[in-house]
Amino acid sequence: MNTIAVLTSGGDAPGMNAAIRAVVRTAVHSGIKVVGIRRGFQGWVEGDFRPLEAKDVAGIISRGGTILKTARSEAFRTEEGMRAAFQQAQKHEIDGVVLIGGDGTFCGATEFAHRYSLPIIGIPGTIDKDIAGTDFTIGFDTAVNTAVEAIDKIRDTAEAHNRLFLVEIMGRDAGYMALHSGLACGAEDILIPEVQTDIDQVLRRIATDERRKKAVHILVVAEGDEVVGGVHGLQRKLANEFPTLDTRVAVLGHIQRGGSPSCADRVLASRLGYAAVRALIGGQAQVMVGIVNDELVYTPLQCATKKHTQIPADMLDLIRVLAV
Ligand code: F6P
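Predicted model only: the values in this text are computed from it and were never measured.

Calculation criteria
All chains use their own residue numbering, which begins from 1 and follows the written sequence. Local features in a predicted model are, by the rule used here, given only for residues with pLDDT of at least 70; side-chain atom pairs are given and counted only at 80 or more, and totals for whole chains, interfaces and linings are based on all residues. Values shown for side chains rest on all heavy atoms present in the structure; no hydrogens or waters enter the calculation. Definition of nonpolar core: a set of buried residues of the types Ala, Val, Leu, Ile, Met, Phe, Trp, Tyr and Cys, connected through side-chain atoms within 4.5 Å. Buried means the residue's accessible area, taken with a 1.4 Å probe over protein chains only, is under 20% of the maximum for its type, while exposed means over 50%, and partly exposed covers the values in between. In what follows, a contact means two residues having at least one pair of non-hydrogen atoms within 4.5 Å. Put simply, two rings from Phe, Tyr or Trp (the six-membered ring, in Trp's case) pair if the centres are within 6.5 Å, and we call them stacked under 30 degrees between planes, edge-to-face over 60, tilted for the rest. Only DSSP runs of H or I covering at least 4 residues are called helices, and only runs of E covering at least 2 are called strands; the numbering of each starts at the N terminus. To sit over a ring, a charge needs its Lys NZ or Arg CZ within 6 Å of the ring centre and within 35 degrees of the ring normal. Any two strands with at least two DSSP-identified bridges between them are counted as paired. Every angle, taken between N-to-C directions, lies between 0 and 180 degrees, and every axis is a line fitted to C-alpha atoms, over only the stretch in contact when it is a helix. For classification purposes, an angle smaller than 35 degrees is called roughly parallel, one larger than 145 roughly antiparallel, one from 65 to 115 roughly perpendicular, and anything else oblique. Each crossing gets its handedness from the near helix: less than a right angle anticlockwise from the far helix is left-handed, clockwise is right-handed. Each residue gets one of three labels, nonpolar for Ala, Val, Leu, Ile, Met, Phe, Trp, Tyr, Cys and Pro, charged for Asp, Glu, Lys and Arg, and polar for the others, Gly among them. Residue ranges assigned to each domain were obtained from an automatic or database domain assignment. The term buried area refers to how much accessible surface (probe radius 1.4 Å) is lost by two components on association, counted for both of them together. What counts as a salt bridge is simple: a side-chain nitrogen of Lys or Arg found within 4 Å of a carboxyl oxygen of Asp or Glu. A 3.5 Å cut-off defines polar contacts: any pair of N or O atoms within that distance qualifies, except that in protein one atom must be a possible hydrogen donor and the other a possible acceptor, and neighbouring residues in sequence count only when both atoms are side-chain atoms.

Q: How should the nonpolar core be read in this particular structure?
A: In globular proteins that are soluble, nonpolar side chains generally tend to be buried together. With 65 residues, the main nonpolar core has I123, I169 and I218 as its most contacted residues. Not counting residues within four places of it along the chain, the set of residues in contact with I169 comprises A147, I151, M177, A178, S181, V220, V221, A222, E223, L252 and Q256. Counting 26 residues, the second-largest nonpolar core is a separate cluster that includes F49, F76, A109 and Y116.

Q: What is the right way to read the packing of aromatic side chains from this model?
A: The geometry of an aromatic ring pair comes down to the distance between the two centres and the angle between the two planes. Tallied over the full model, the rule gives nine aromatic pairs. Aromatic pair F86 and F112: ring centres 6.4 Å apart, planes at 55 degrees, arrangement tilted. Here F112 lies in helix α4 (residues 103-115) and F86 lies in helix α3 (residues 79-91), a separation of 26 residues in the sequence. Here the two residues F86 and F112 agree in accessibility, since each one is buried. With centroids separated by 5.3 Å and ring planes inclined at 35 degrees, the aromatic side chains of F112 and Y116 adopt a geometry described as tilted. The buried category is assigned to F112, whose relative accessible area is 0%. Site record: aromatic cluster; members linked through ring pairs are F41, W44, F76, F86, F112 and Y116. Over the aromatic face of F136 sits the side chain of K129, whose NZ or CZ is 5.3 Å from the ring centroid. Across from the ring centre of F140, 5.7 Å away, lies the NZ or CZ of K129, which sits over that ring.

Q: Would you take a moment to explain unusual backbone geometry for this structure?
A: With the exception of glycine, the majority of residues adopt a negative phi angle, and the majority of peptide bonds are in the trans configuration. Phi at K129 is positive, roughly 55 degrees, even though this residue is not glycine. Secondary-structure assignment places K129 in the loop between β5 (120-124) and α5 (140-161). On the accessibility criterion, K129 (12% relative accessible area) is buried. With a phi angle near 50 degrees, N293 is a residue other than glycine that sits in the positive phi range. In this structure, N293 sits in the loop between β10 (287-292) and β11 (295-300).

Q: Would you mind going over the sheet that holds β5 with me for this structure?
A: Note on sheets: strands pair through backbone hydrogen bonds, and any given pair is parallel or antiparallel. On the basis of which strands lie adjacent, the open sheet formed by seven strands has the order β3-β2-β1-β4-β5-β10-β11 and mixed pairing. Among the strands making up the open sheet, the edge pair consists of β3 (49-52) and β11. Taken pair by pair, the neighbouring strands of this sheet meet at an average axis angle of 30 degrees, ignoring direction. Taken together, the five bridges between strand β1 (residues 3-8) and strand β2 (residues 33-37) define a ladder with parallel strand orientation. Bridge pairing in β2 links I4 to V34.

Q: Can you help me understand the packing of helix α6 (residues 176-184) against helix α10 (residues 313-322) in this one?
A: Two quantities define a packed helix pair, namely the angle between the axes and the distance from one axis to the other. The contact between α6 and α10 brings their axes to 11 Å, and the two run at 40 degrees. Taken together, the axes of α6 and α10 lie oblique to each other. Once α6 is placed against α10, the crossing between them reads as left-handed. Of α10, the residues touching α6 (which contributes L179, H180 and L183) are M315, L318, I319 and L322. Counted by class, the contact of α6 with α10 contains six nonpolar, one polar and no charged residues.

Q: Looking at this structure, how should I read the domain arrangement of the chain?
A: A common way to report how large an interface is uses the accessible area buried once the components associate. Taken domain by domain, the chain comprises domain 1 (3-139 + 261-303) and domain 2 (141-257). Contact with domain 2 buries surface across domain 1, with I127, D128 and K129 losing the most and accounting together for 43% of the total. At the junction of domain 1 with domain 2, the criterion picks out one salt bridge. R257 is the partner of D12 in a salt bridge, and the nearest nitrogen-oxygen pair spans 2.8 Å. Our enumeration of links across domain 1 and domain 2 arrives at eight residue pairs in polar contact (both at pLDDT 80 or more). In terms of residue class, the side of domain 1 that touches domain 2 is made up of four nonpolar, three polar and six charged.

Quick look at the structure:
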């Protein structure tokens, strides 16, 4: 290993900069040169490379976003795009690539690895936490804490007005963020894609709370939940069923992706960045580094995707149990 490249891809996540820093510093420590690829796979295809030295990553551990920028690339999905990316890697004499991203990133890398021989190590960086082979993904802890802070604030105003709030939480088609933030905020109900939403049951719970004259009702709804019409459709349904209930919708959106990473995300990112470079030096390829039960683990990239993840049964049961 003389030169390695690092890129961030897909939706940014707080802690990506901490991972870039750890990759660069671990490589420099081992006498390896680092090239940063800007704008994810798109920048790889186009050859948007620049050298990264230890000083280039000074002061970024506390910053959200990604200094390398990120993108969702259509070009990398094509044969020509992948060929161009491989040629760019050859031109810049890249011996290995560290990818920081999520499910889409690892699917793209798997396709690439079927065609071209270049060692690739993945680092799980996504607020969605929908990746197998790791207990946590970089950005999840920060994003979920941002959501918790926001929902706690919403509860204050909901209580002041005796209102029902539908709070939409990001996560694409995974419900981890909604589940964790909903549980942490004592939400009256949590709707996630992993559990079939029984709308009659949702209405019955609200009706019971209404009879009990409950002052506040917070429904946390994952953006990927199959509820018809999303939070706005649900709000219309509630208006029909409970005409006297004052209902509001809050879509937290991209605020969940920004901000300074939490301590947990900075430490996770540092450990994974270090492990990724060590894995390349050790001759590993086409694996994602993760942490399970506080131990570093290596999972084949094609297995580190969302279809292999599962929410623990006790957490799903908690939604029902704590909502009594
Ligand atoms: O994957 C991260 C994520 O923030 C998802 O939770 C969300 O569905 C999606 O990205 C939003 O993507 P974009 O920023 O491209 O709209």
